[in-house]
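Each chain, written out:
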Amino acid sequence: MTDQARGLVITLLGILFVVPDSLFVRLIDAPALTIAFWRLLLAGGAISLGILVMQGTGPFRAVLRMGRYGAVYMIGTGFSGVLFVMAISLTSVANAVFILASLPIFATIYSRIFLAEPISRRMLVTIAVVLVGIAIIAYGSGETAHASLAGDLLALAVSALFAAGLTAARHARAVSMVPGVGMAYLIVACLIAPFAHPLDMPVSQAPLVLAHGGVIVLSSIFLALGPRYITSAEVGLLVLLESVLAPVLVWVVIGEDPGAYALLGGALVIVALFISNMIVLLRRGPNSGPIRS
C-alpha cells in the first residue's frame, strides 16, 4: 500500500468514526457541559495512556517544545471539543455540521495572516459562496426545529478555533499531534469540571458515554495520522463526507429534520468546497506531495 493509499484509508476511517459524534450528543440525556466533560476526559485519558504505555513521555515533550504553536494547537483542539457539544445542544445537527465544513475557509485566512500565503482567486470565490451558504443556514434557524442562531454562532466558533489549531500545527509538520490531542482534552476537561457537575451523569447513560468516548478516541487518532500522507485537498474532500453523513444518520435514527434552509445553505457550502478541492487535485495531479499535520 502506498503512502497516499494508506493516508486515504486512515483518514476515511477517522471521518467514519466521527460521524456518530453529534448523534451521541443528542442521545445522551445530560447537560451539554457534562457530556463535554466525559467526552474529553475519556478520549483524552485513553489517548494519553496509550501513548505513555507504548512510547513514554517523549511524544508529549515534543509537542510542548513547539512552544506557542503547540499551545495554540491544544487550545483550538480542546476548546473546540467543548463548543461542539454546546453547539449541537443549541442548534440542529445539520446546521452545525454544514457550518463546520467552513473550516478550510478559516484555515486559508489564517494562513494569509500568519504564514503570508496568498489567497488565490479560486479561494476568494469559494469563501464568497460558503459565506452565502452560512448566511442562508443562519437565516433559517428561526424557522427550523432544534435550530438557533446562538448554536450556529458556536458552530462557527468551533470551525475558527480548530482551523487555528491546524494552522499552528503546520509550523512543526514532523511532530505527531496525537499527544497534543490527549493533553488538550484532559486540560480542558479539568477546566470545565467545576461547571459540568460530572457526577450528576445518570448511571443508565454509561454505555452511551463510553461508546461516545470510544468513537472520539478512534476518530482523533485516525484524523491526526491520516492527513500526514495525503494532500490538504484530499483531506478536504473526505471531511465533506461527515457533513453529509452526520445529518442523515441523525435524521434516520431520531427523525431530526434538517429543514429546507439548512439543506439549501449546506448544499452551497459543500458544493463550493468540493469543486474548490477538485480543482486543486486536478491541477496538482496524482503525484502531489503529502501534507504534515
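Account for the environment of Gly81, with residues named and values stated.
Relative to the helices and strands, Gly81 is located in helix α5 (residues 68-90). Gly81 sits in the buried class, given a relative accessible area of 5%. With 81 residues separating them in the primary sequence, Gly81 and Phe162 have C-alpha atoms 9.0 Å apart. In this structure, Gly81 is in contact with Arg39 and Leu40, ignoring residues within four places of it in sequence.

So, the nonpolar core: which residues are in play, and what are the values?
Among the nonpolar cores identified, the biggest contains 67 residues, and Val85, Phe98, Val130, Met177 and Leu273 are the most heavily contacted of them. Broken down by element, this core gets its largest block of residues, nine residues, from helix α10 (residues 178-196). In this structure Val130 touches Ser102, Ile105, Val269, Ala272 and Leu273, once residues within four positions along its chain are discounted.

Please give an account of the packing of aromatic side chains that cites residues and values.
When we look at a pair of aromatic rings, we describe it by the centre distance and by the angle of the planes. The final tally for this structure, using the stated rule, is five aromatic pairs. Each ring, one from Phe106 and one from Tyr110, has its centre 6.4 Å from the other, and the planes form 35 degrees; the classification is tilted. Of this pair, Phe106 and Tyr110 both sit in helix α7 (residues 103-114), four residues apart, roughly one helical turn. When the centroid spacing of 6.4 Å and the interplanar angle of 50 degrees are considered together, the rings of Tyr110 and Phe114 count as tilted. Here the residue Tyr110 and the residue Phe114 both occupy positions in helix α7, the gap between them amounting to four residues, near one helical turn. Of the residues examined, Tyr110 reaches a relative accessible area of 17% and is grouped as buried. Phe114 gets classed as exposed once you look at its relative accessible area, which sits at 61%. One aromatic cluster in this structure is built from Phe106, Tyr110 and Phe114.

Describe the packing of α5 against helix α9 (residues 149-169), with residues and values.
A pair of packed helices is captured by two measures, namely the crossing angle of their axes and the spacing between those axes. Running from N to C, α5 and α9 cross one another at 160 degrees; their axes reach a closest spacing of 8 Å. Taken together, the axes of α5 and α9 are roughly antiparallel relative to one another. In this structure, the crossing between α5 and α9 has a hand that is left-handed. Only Gly151, Leu154, Ala155, Ala157, Val158, Leu161, Phe162, Ala164, Gly165, Leu166, Ala168 and Ala169 of α9 make contact with α5, whose side of the interface consists of Tyr69, Val72, Tyr73, Gly76, Thr77, Phe79, Ser80, Leu83, Phe84, Met86, Ala87 and Leu90. A breakdown of the residues in the contact of α5 with α9 according to their chemical character gives 19 nonpolar, five polar and no charged.

Describe helix α1 (residues 3-18), naming the residues involved and giving the relevant values.
With 16 residues, α1 extends 22 Å between its outermost C-alpha atoms, agreeing within 8% with the 22 Å of an ideal straight helix rising 1.5 Å per residue. Every buried residue of α1 is listed here: Gly7, Ile10, Thr11, Gly14, Ile15 and Val18. End-on view of α1: buried residues confined to an arc of 140 degrees, all on one side of the axis. The N-cap of α1, judged by a side-chain oxygen 3.1 Å from the amide nitrogen of Ala5 a few residues on, is Thr2.

If you had to explain the side chain of Ser102 to someone new, which residues and values would you point to?
When you line up the elements, Ser102 lands in the loop between α6 (93-100) and α7. Among the residues examined, Ser102 registers a relative accessible area of 2% and is labelled buried. Ignoring sequence-local partners within four residues, the contact set of Ser102 consists of Val130, Ile134, Leu156 and Ser159.

I'd like a description of the pattern of salt bridges, backed by residues and values.
Under the counting rule described, the total for this entry stands at two salt bridges. In this structure, the salt-bridge partner of Asp21 is Arg39, at a minimum N-O distance of 2.5 Å. You can see Asp21 sitting in helix α2 (residues 21-27) and its partner Arg39 sitting in helix α3 (residues 32-55), a full 18 residues away along the chain. Arg39 carries the same exposure label as Asp21, and that label is buried. Note that Arg26 is salt-bridged to Glu256, the shortest N-O span being 2.6 Å. One end of the pair, Arg26, is in helix α2; the other, Glu256, is in the loop between α12 (232-254) and α13 (260-284), with 230 residues separating them in the sequence. On the basis of relative accessible area, Glu256 is assigned to the buried category, the value being 6%.

About the criteria used
Numbering of residues starts from 1 in each chain and follows the order in which that chain's sequence is written. Per-residue local features are limited, in this predicted model, to residues with pLDDT of at least 70; the limit for side-chain atom pairs, both in listing and counting, is 80 or more; totals at the level of whole chains, interfaces and linings are taken over all residues. Only hydrogens and water are removed before side-chain values are computed, so all heavy atoms of the structure are retained for them. Helix and strand assignments follow DSSP, with helices taken as H or I runs no shorter than four residues and strands as E runs no shorter than two, numbered in order from the N terminus. Working definition: with a 1.4 Å probe on protein chains only, accessible area under 20% of the residue-type maximum means buried, over 50% means exposed, and in between means partly exposed. For this analysis, residues touch if any pair of their heavy atoms sits within 4.5 Å. Buried Ala, Val, Leu, Ile, Met, Phe, Trp, Tyr and Cys residues form a nonpolar core when they are joined through side-chain atoms within 4.5 Å. Centre distance within 6.5 Å is the pairing criterion for rings of Phe, Tyr and Trp, where only the six-membered ring of Trp is used; planes under 30 degrees apart are then read as stacked, over 60 as edge-to-face, and the remainder as tilted. Here, axes are lines fitted to C-alpha atoms. For helices the fit covers the stretch in contact, and angles between N-to-C directions go from 0 to 180 degrees. When an angle is under 35 degrees it counts as roughly parallel; over 145 it counts as roughly antiparallel; between 65 and 115 it counts as roughly perpendicular; any other value is oblique. Each crossing is labelled by how the near helix is turned from the far one, with a counterclockwise turn of less than a right angle marking it left-handed and a clockwise turn marking it right-handed. Each residue gets one of three labels, nonpolar for Ala, Val, Leu, Ile, Met, Phe, Trp, Tyr, Cys and Pro, charged for Asp, Glu, Lys and Arg, and polar for the others, Gly among them. Expected span of a helix: the number of residues minus one, times 1.5 Å. Directions are taken from the helix axis to each C-beta atom, and the arc is the one they span. For this analysis, a polar contact is any N or O atom pair within 3.5 Å, provided that within protein one partner can donate a hydrogen and the other can accept it, and provided that sequence-adjacent residues contribute only side-chain to side-chain pairs. Definition used for salt bridges: Asp or Glu carboxyl oxygen within 4 Å of a side-chain nitrogen of Lys or Arg.

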